[in-house]
Structure formats: structure tokens, C-alpha cells
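Now for the letters of each chain:
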Amino acid sequence: MNTIISKIDINDIDKNEIKKQSKLLAEGKTVIFPTETVYGLGANALDEDAVKKIYEAKGRPSDNPLIVHIYNKEEVYNLAKNINEKAEIIMDKFWPGPITVILNKKDIVPYRTSGGLETVAVRMPSHLIAREIIKEAGVPIAAPSANISGRPSPTKADHVYEEMKGRVSGIVLGGDCNFGLESTVLDVTTETPMILRPGSITKEELEDIIGTVLIDPSLEKKEDNKKAKAPGMKYTHYSPDADVYIVYGNREDTIKKINSLVVENNEKGLKTGVMCLEQNKDSYNGTVVSLGNTLEEVGSNLFDALRQMDKMNIDIVYSEEFSTSGVGQAIMNRLLKSAGYKIIKA
Ligand code: AMP
Ligand code: MG
């Protein structure tokens, strides 16, 4: 497939390039564009044939529903019904931004978009390029992360260019995504809202404004969440080609353990990578990729680090464990999945 590439500077948005890409969306074709979370692979959410192309381009299982992206809040009333007060509060407070709400869908939303469910996931992104694209397309845009199903989500222009060129009709190269982790998914169809996927808007932030928020219990276990309520959470995800392990314990033990594993791997002829906090990077042998100093930085660098490991042909990656407070919950959720829940005690 011929892919039309547009390079767009977020600080000086070229409206002609936006128009070119939005036209493709309006014609029922697929376009990749940046958002504040990760790059999204979009198509008209109300057009079944267009949505089918998303699943094909990603190789995504058809029972894994898509998030519908809108330009202004009013559009949510065309897509969903019986929206309760807590949902209104969340949308008013956090939109545009990295939170997706699960609502009862109206008939206009095809089952292909909702993965056969009676609910629909809706988000209003804040990224200026994403907003322009959606506005200009004139239709709500279904857009999962723009990676081949199972791979780490793309957070930089290079990631989508390398992986998706030829698989979609258009790609907007628009720099790095801000958060680097996918949106928080919050089910607001029930009396007490429940987080189905942790993201950069945290449980604490939500509870500050709507009171008790539950977390899908299957997400809190350090084991495979086959029973997860968000269909997508049960699939293998975020996996680089390298085999990933999380090593946990105190700082000193973790460093000792990882360094001894690096030696063992070297003897077997295996290339080893280490992902760690910036402050620890000089303590490790092997190929070290720093994830940054703060949890926010770790969140925005994680998927890129996993992709870097593949580029360097690393066979085995060891990652430090991170705190699960605040955005740490989302980080550990993604890391555990990318590791296939393989954890080693230091
Ligand atoms: P992504 O494809 O990376 O954008 O992820 C979207 C996430 O939202 C996946 O985990 C989906 O399973 C989840 N999701 C989307 N729609 C729904 C829905 N109606 N109910 C529950 N989870 C949903
Ligand atoms: Mg995804």
C-alpha cells in the first residue's frame, strides 16, 4: 500500500498537510497520527469497513474494542447514552487529556468498533496535531495504538515510520508523544467507577474529585490477567523481540543480581540489556538504557527503551522494578506485560 507521509511541526502546524491526511480519514482510509499518549492508528469510527482496516493493519484480534477519539465534548452525546454525573465530572475535568471513559453505546457505533460490546470507549485528546486531524476529518476517529498487535506502543515518529509504512494510507510524523503511556481507561457505566487500564491520570487524582474509584482486581496481581475486564488487557502486549525479566529487591541486591546474570549470559553468548533509573546506570554491566530520573520520565521512555533493545539485537533484558504509586501503577502494568510476568527475586 502506498503511504502518504506528512511531517508536521507541532509548533507550526501546516494546515495543508492536516487537510491531506484528514481527507484520507473522511474517505474511509487509515491514518497514523501522534497523540499526547502514544501514536494512534485512526479510521472513521462509524464506518465498519474503515474500522476493519485498523484491525488488518495491526493484526489485532477482532474482539479487542477500539477507543473513539472526538474533537469536542458535544460529540460524546452522539455516541453514548445514559451518561451519569460522575462521567460528566470526569470529562469536564480531564478532557482534553489522557483519560478514556467507557459509556453505554448508541446504535450509531458499529459493533466492529466496540468489539461486540454494548459499551463504547471515548476520549478527547489534547495533542494539537491529533485535534486538528480529528476536527478536519469531521467524524469520530477510532484509534488504537499504532503498533503491530503485541509490540510496544509507538511513542516517537521513527517507531511508526519503521513499523507501519506500507500498512496504512497515511502517516503523520509529529515528534515525540508527551506521556508515552496509553490513556487511563475508566468504566463509568457502573455506580462506582472502575479503572480497567491504569495510565498517567492516576486513581488518586480521580478519587480527589469523584470519591471511591475501584481498580479491576485482575490488574493488581503480579500474574497474567486473563480475567481482565478490558478485553485488550488479556492479550500479550508491549513485547519486544528480546526476552524481558523484572528483577526486584533492594537497590544493592538488584544491582548484584543483574550483574551476575549478565556474566552468565555472556558466557552463553547472549547479549544482555539493562533498563534502570538514571541514578543507577553506572552500576550495571551489559548494555544499559536509562529510563530517566522520575516515574514520569520512566513512563515516557519505557516503550522507546524496549524498542532500542531490539535495535541493538539484545537477547535478554533485565529491568529494575518501580514503585506502584501514582503513574508507577501504569508503568508496572506495562512492564509486567512486556515481561510476560517473568519476575526474578534479587
Ligand atoms: P488501545 O488499543 O491500545 O487503544 O487500547 C484500548 C484499550 O481499551 C484496550 O485494553 C481495550 O480492550 C479497552 N477498551 C476499549 N473499549 C472498551 C469497552 N467498551 N469496554 C472495556 N474496555 C474497552
Ligand atoms: Mg495498544
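Above this text you will find the structure in question.
Not measured: the values here are computed from a predicted model.

Reading the values: rules and limits
- Residues numbered from 1 in each chain as written.
- Chains lettered and ligands numbered in written order.
- Predicted model: local features only at pLDDT ≥ 70, side-chain atom pairs only at ≥ 80, totals over all residues.
- Heavy atoms only, no water.
- 1 Å grid on protein atoms, 1.4 Å probe; cavity = no way out; pocket = protein on both sides within 12 Å on 5 of 7 lines; lining within 4 Å.
- Points joined across faces, edges and corners; volume = space filled by probe spheres on them.
- Nonpolar A, V, L, I, M, F, W, Y, C, P; charged D, E, K, R; others polar.
- Helix = DSSP H or I, 4+ residues; strand = E, 2+ residues; numbered from the N terminus.
- Buried < 20%, exposed > 50% of the residue type's maximum accessible area, 1.4 Å probe, protein only.
- Contact = heavy atoms within 4.5 Å.
- Near = heavy atom within 4 Å.
- Polar contact = N/O pair within 3.5 Å; in protein donor to acceptor, adjacent residues only side chain to side chain.
- Areas by Shrake-Rupley, 256 points an atom, 1.4 Å probe, with all protein chains shown as cover.
- Sits in = over half its atoms within 2 Å of the grid points.
- Expected span 1.5 Å × (residues − 1).
- Bend = angle between axes of the 7 residues up to and from the residue.
- Axes fitted to C-alpha atoms, helices over the stretch in contact; angles between N-to-C directions.
- Parallel < 35°, antiparallel > 145°, perpendicular 65-115°, else oblique.
- Left-handed = near helix turned anticlockwise from the far one by under 90°.

Caption draft 1: Fine view of empty space enclosed by the protein. Evaluation of the coordinates by the stated rule reveals one cavity of 30 Å³ or more. By volume, the largest cavity is sized at about 50 Å³. Residue composition of the lining of the largest cavity, grouped by class: three nonpolar, five polar and two charged.

Caption draft 2: Layout of the environment of V327. Looking at the secondary structure, you find V327 in the loop between strand 16 (316-320) and helix 11 (328-338). V327 sits in the buried class, given a relative accessible area of 8%. For the pair V327 and D158, spaced 169 residues apart in sequence, the C-alpha separation works out to 25 Å. Among residues more than four places away in sequence, those in contact with V327 are L181, G199, S200, T202, L295 and E296.

Caption draft 3: Fine view of the site of ligand 1. Around ligand 1 there are 18 residues in total, and R60, N64, T119, R197 and G232 lie nearest to it. In this structure, T119 approaches ligand 1 through a side-chain N or O atom, which is 2.9 Å from a nitrogen atom. For ligand 1, whose unbound accessible area comes to 500 Å², protein coverage reaches 96%. Cavity membership is defined here by more than half of the atoms lying within 2 Å of grid points; on that basis ligand 1 lies in the largest pocket. Mapped by element, the contributors of at least two residues to the shell around ligand 1 are strand 7 (119-123) and strand 11 (194-197). With three residues, the top contributor of residues to the shell around ligand 1 is strand 7. Across the shell around ligand 1, the residue classes break down as twelve nonpolar, four polar and two charged.

Caption draft 4: Spatial organisation of helix 10 (residues 295-311). The end-to-end C-alpha distance of helix 10, which contains 17 residues, comes to 24 Å, matching closely the 24 Å that a straight helix rising 1.5 Å per residue would cover. Largest kink in helix 10: about 45 degrees, centred on N301. Of the surrounding secondary structure, the elements contacted by the buried residues of helix 10 are helix 7 (157-164), strand 13 (243-248), strand 14 (272-276), strand 15 (287-290), strand 16 and helix 11. Of the residues trailing helix 10, N313 is marked for its positive phi of about 55 degrees.

Caption draft 5: Seen up close, the layout of surface pockets. Computed from the structure, the largest pocket encloses a volume of approximately 540 Å³. Around the largest pocket sit 34 residues that line it, and R60, P65, I67, V185 and R197 are the ones nearest its centre. Secondary structure elements with two or more residues in the lining of the largest pocket: strand 4 (67-69), strand 7, strand 10 (184-187) and strand 11. Ranked by the residues each element gives to the lining of the largest pocket, the list is headed by strand 7, at four residues. Each residue belonging to the lining of the largest pocket can be placed in one class, and the counts come to 17 nonpolar, eleven polar and six charged.

Caption draft 6: Seen up close, the packing of helix 1 (residues 15-26) against helix 6 (residues 128-137). Running from N to C, helix 1 and helix 6 cross one another at 55 degrees; their axes reach a closest spacing of 8 Å. When the axis of helix 1 is compared with that of helix 6, the two are oblique. Seen from above, helix 1 lies across helix 6 with right-handed handedness. Every residue of helix 6 that contacts helix 1 at K15, I18, K19, Q21, S22, L25 and A26 is listed here: I129, E132, I133, E136 and A137. Class assignment of the residues belonging to the contact of helix 1 with helix 6 gives a composition of six nonpolar, two polar and four charged.

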